[in-house]
Every structure is written in C-alpha cells, then in structure tokens.
Amino acid sequence: GQTNLKSPQDIQVYAVNTNFTLRWNYTGNDTDVTFSAEYRWFEDFEPSETEWKELRGCQNVTHTECDFSSAITKYDDIHHLRIRAKRREEVSPWSSIFEMIPCFIAQIGPPGIELQSTNGVIKIKVSSPEANQDQKMWINDLIFNYNLVIWENSSNAEFRSQRIVPVQIIDDLAPDTTYCLKVQAIIPLESQGLFSPTHCIKTTRKVNDLLCATNLRVFALNMEFHLHWNNQYKQHVSYNVQYLFAYLKMLYDDHSVKWLNVPGCENITDTQCNFSSVITAVSIIYLRVQAMGEYNKSCLSKEIKVDPLITNEIGPPSIKLDISDALLHIQISPPGSQGEVMRQHYDLSYRVLYWKNSSHNAEGIQMKETKQTIGTVPNLTSLTLYCVKVQAFSKAYNKSSPFSKEECIKTPGDKILPLIVLATFVTALVVVLLVAALLSFALYQAYNKIKYVFFPSCQPPLNIEGFGEQVFISPYLSTTEEQIENCFIIETNITEEVNQIDFKDYKHSKQSSRDSGNYSNDDNNSGNKVSEETLEKGTV
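Note that the structure is predicted; figures quoted are calculated from it, not measured.

Criteria and thresholds
Residues numbered from 1 in each chain as written. Predicted model: local features only at pLDDT ≥ 70, side-chain atom pairs only at ≥ 80, totals over all residues. Heavy atoms only, no water. Pairing = 2+ DSSP bridges. Helix = DSSP H or I, 4+ residues; strand = E, 2+ residues; numbered from the N terminus. Buried < 20%, exposed > 50% of the residue type's maximum accessible area, 1.4 Å probe, protein only. Arc of directions from axis to C-beta. Contact = heavy atoms within 4.5 Å. Axes fitted to C-alpha atoms, helices over the stretch in contact; angles between N-to-C directions. Salt bridge = Lys/Arg side-chain N within 4 Å of Asp/Glu carboxyl O. Patch = residues over 30% accessible without salt bridge, like charges linked within 9 Å, V, L, I, M, F, W, Y side chains within 5 Å. Areas by Shrake-Rupley, 256 points an atom, 1.4 Å probe, with all protein chains shown as cover. Disulfide = S-S within 2.5 Å.

1. Some words on the sheet that holds strand β6 (residues 65-67)
Okay, so step 1: Reading across from one edge, β6-β2-β1-β10 is the order of the four strands in this open sheet, with mixed pairing throughout. In this open sheet, the two strands that pair with only one neighbour each are β6 and β10 (106-107).
Okay, so step 2: As judged from the three bridges shared by strand β2 (residues 19-25) and β6, these two strands associate in the antiparallel manner. Residue pairing for β6: L22 is matched across the bridge by C66.

Next up, the structure:
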C-alpha cells in the first residue's frame, strides 16, 4: 500500500465563458507518470452526487493541464475537484480538494468584430462573446456593454476609449489613415472581459456634402425639447427629423430600418423642431436629420444622443404668498407645465430664501430647504414687508434651477391695538349714551316744571270767578313778579239764583275746590279769610 509517487499540488481552474481548463504542479522526478481527475457536484448546496466520478477530458493525461469543458453543465452549483498521479499500477494519494462555482470564476471571453471603412468613417459590428455557442454561461447577450479602444497605427499613437453599441459608427477620424482597435465586453458593476484580437483598417476620404445638416444641438427646459441645426446649402432644402429608441441599438440586428419620423417635424424648411412628443422621461433616444434637395437627393446628418433627464434643464418654480395667524405661507409650484413629471423624476427639493425688505434693502437673508411644496415662516414682525424667492434642485442629477421671481407681501398690524381701540370706542359710546340719557331726563323734568308753572293745563273753577279785580298771588313766584292774568269761567245757564246761595254752600264748594288741589293752598289761612270776607260783601 506504500508508494513513492507524490500528489499533484497547486490546483487551479481557468474558465473563459464555458471553457474550463484544470492546471496543477507536479514536483516529482518520476517518468512515465500520468494524471487523472475526479469530480462531484452539489445541487442547491445540498449533496446530490456523493460518489466521485471521472472527470471527462482529464483521464491519463501526460501534461499538467487538461480541458474538462464537456464535463460541466451546471454553472451555478458547487463542484469539487481532485487529481492524482499514476505510474503503471502505482498511484499517488489524492490531491487536496479544489472547490468552485463555475459562474463565479468564469471570465467573459473576447467578442467578435467586423470592420468596414466608408466615407471617412469606420463601421464596427460586434458579436457576443458566446455567439454561435450551444452552451452559454450568460443566457442573455443583452447584458453586455462594449468598450472600444482605438488608436492611430503610428509610433506616437494616443489611445482613445469609448463605450459603443453592437453596431457603431466611428467618425471624427483623419482621412487616409490606418487605425487599430480592439473591443472588450463588460457586465456593468460586475466584471470585465478579455479584449478581442487587435484589428487595423485604413480610412477613406470623406465627401463633404453641403446638403447635410450640421451642428445638431438640443435645448431642453422643463421637459420641453427642441432640436436645432445649421444649414449650409444655398438652394431649396427640406428636412425630416428622425428618432430611434436607444434600446434598439443594443440589439445585434441592423437597426438602420427602424428610424421613425418625429410628428410635426416632417418635410419642414425651418432649422429647428420641437420633438417633445416623442420624449418619455425614462427612454433614451437618438436623433438625426435627413436633408432632402432637388432630384430626390438626400443626406443624413450625424446622430445625437438624448438622455431626457440629463439633457433637460430645470426652470425656476413659481410661488404664491399668504399671511395668516402670524405665519407666512409659501406655496411652491414645480417648474414648467409638466411640473408633476419634474417633481417625480427629479425628486425635487426647494431652497427658500426670505428676508425683510426695508427701503428695498434686503436685510437678514435666511434660507431653508424643504421637499414640500408648502412652507411656513413663523415669528413675523407686524407692518413689515417680507420678500421670498425659491430655487428648485435635484441632488440625484446634480441640477438646480435659477431662483424664481422675487415675491413680496406686507404683514398686517398688531391685533392687540385694534382691540384696545375698539374697546375704548365702545366704552366712550356707552358713556356718551348714558350722559345723553341723563341730560335728556333732566331736560324733560325741567320742561314739565316750566310747563306746569307757566302753562297750566287746567283752568280755575267757577267759584273764584268773582275775584276779577284781586291779584292772584302764586306761591311759586315772588310778589315782585308780574301778576298772572285772572281766569273766568263763563256759563250761559247761570241764573240769578246764584246770588242767593248762602255762605255755607259756598264754603262747601270752597272745601271741594280745595280738595281738588288745583287752585287751593291749605297752608295760607290769611288768604282764606280775606276770600270769605270778600264773598260776604258780594252777597250783601
């Protein structure tokens, strides 16, 4: 059971696409040694093949490497490999186990390329690294991007690198010059493949056609897109603006027949066109201009790539101001007529500047940032002019708009002072009404007194009619005042019988008259006596 053969060491596997090569080192000095390998694999990281099996392509080989591509069909599963040396009936111990997952260690192979030189440009057609293979490590060829390295075939060449699509036109080349190039396939953010073999080709001289539109450029603001170009043709010319979705260029098919005309930009004579109708925020497109002259002559311009969210510029937002409850309310509208599209795709934030505007001099400018379209500024000063302007910006795209037009609003006065003024006014009004009521009452009472004294409503009774010659003395007037005119009651039905009324009846009438209280004075006894004497004299 003993052997002098040594085990192979330093086992490595090299994988390009689905091609696998096993390599190792052998330090023994033995001759006529062959090597054989075995493998086992685990499906979903669970043992499914516990028995070691012979590795096809790696049995009884005499070199220190072998190709076992035909033995591997599960590229996502774990595989174990081991190898040993053999000389006639003698075998070495097995090597240490080499573990691998094929898709993790495989490199991207070189792509295939075809070159064509025409009219001063080079047309490159790239094929997938696994084109025309039955077994593929990467199922979808569309995951590949391609990197081109090109240089002049000269001693002082400068290398130029650029990203290309499977069918690419390389322009801006010197005429009658030999260029060399190579292409590499990459999977973004994962791995880079091997470069293709170097290919060289000579450019031709370009024919300068004045009919072609030149200097294509795009101006875009708030998702409104305009294409401009220059016309160097002196005769009548019309234009068709054409577009192609960028994803079609990622296909390996010929996309030259998939260009479409932009609606509203067909058979025009202007050197500009609004192509917003074909723009979606997430779709990259290519544009070109087809110039058409007389005799059905036409020429295609260079293509220009438009990535809407990168090409577009953000315009200033619009704002409205309002004040309530000691707060300045700022309402922000996203830029442009498609403000909601701008807000969603750019994830807009807003930079708000506000300040007190005193005699048109800004003082104490303050700034706040917000993602909301409604903002408030507290702690306002009454009777003060506040001014505001707002800038929209997107951190994701590193874009910002100009500031909006400056808007100003004046805060109202303090609400406490009007309340004080109102309370004072109401209090004064109540006081004035009370004083007026008291004064009116006093005047009314005085008027009644004066009317009672000077203009009595009742006339003296018939009993005192005989006092015509005697002056009536009022207890309310001094003796020096003007005498009051005597009043007489004239009754036509009075007869001479009145003279025969005895004094007692007169006294009874006098008593009744005194009880009425109209023209009597119980306290003036002397006056009563005089009246009685006078009445007796009249009776006699």
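Additional details are given in the paragraphs that follow.
2. With respect to helix α4 (residues 339-346)
Okay, so step 1: Turning to α4, its buried residues number three or more, namely G339, M342 and Y346. Viewed end-on, α4 has its buried residues packed into an arc of 60°, placing them on one side of the element.
Okay, so step 2: Check the buried side of α4 and you find it contacts α3 (308-311), β32 (385-394) and β33 (399-400).
Okay, so step 3: A positive phi of about 50° marks D347, the residue just after α4.

3. Structural notes on the sheet that holds strand β20 (residues 224-230)
Through backbone hydrogen bonds, the strands of a sheet pair up, either in parallel or in antiparallel fashion.
Okay, so step 1: Taken together, the three strands give an open sheet; going across it, the order is β19-β20-β23, and neighbouring strands pair in antiparallel fashion. Among the strands making up the open sheet, the edge pair consists of β19 (214-221) and β23 (272-274). Adjacent strand axes in the sheet meet at a mean angle of 15° when their direction is disregarded.
Okay, so step 2: Direction of pairing for β19 relative to β20: antiparallel, over a ladder of six bridges. Each bridged residue has a counterpart across the sheet, and for V218 the counterpart in β20 is L227.

4. What to know about the pattern of salt bridges
Oppositely charged side chains can form a pair if their charged atoms are brought close together.
Okay, so step 1: Using the criterion set out here, one finds 12 salt bridges in the structure.
Okay, so step 2: One salt bridge connects R205 with D176, and the closest N-O pair in it is separated by 2.8 Å. Note that R205 is positioned in the loop between β18 (199-202) and β19 and D176 in the loop between β15 (167-170) and β16 (178-187), a separation of 29 residues in sequence.
Okay, so step 3: Residue class for D176 comes out partly exposed when judged on its relative accessible area of 40%.

5. Some points on the side chain of N357
Okay, so step 1: For N357, the location among the structural elements is in strand β29 (residues 349-358).
Okay, so step 2: Residues within four places of N357 in sequence aside, it is in contact with L385, C387, E406 and C408.

6. Some words on a nonpolar patch on the surface
Okay, so step 1: On the surface, L422, F425, V426, L429, V430, L433 and L434 cluster together into a nonpolar patch covering about 670 Å² of accessible area.
Okay, so step 2: Relative to the elements of secondary structure, L433 occurs in helix α5 (residues 416-454).
Okay, so step 3: Residue classification places L433 among the exposed residues on the basis of a relative accessible area of 53%.

7. Notes on the state of the cysteines
Okay, so step 1: In total, this model carries five disulfides according to the counting rule given.
Okay, so step 2: Linked covalently through their sulfurs, C212 and C299 form a disulfide whose S-S length is 1.3 Å. Handedness of the C212-C299 disulfide follows from its S-S torsion of about 50°: it is right-handed. Of the two residues, C212 sits in the loop between β18 and β19 while C299 sits in strand β25 (residues 298-300), which places them 87 residues apart along the sequence. Grouping residues by exposure puts C212 and C299 together as buried.
Okay, so step 3: Note that C265 is cross-linked by a disulfide to C273, the S-S spacing being 1.5 Å. Of note, the bridge from C265 to C273 carries an S-S torsion of about 70° and is right-handed in sense. The same class applies to C265 and to C273, which are both buried.
Okay, so step 4: Counting only the cysteines that take part in disulfides, in the order they occur along the protein chain, gives the pairing 1-2, 3-4, 5-8, 6-7, 9-10.

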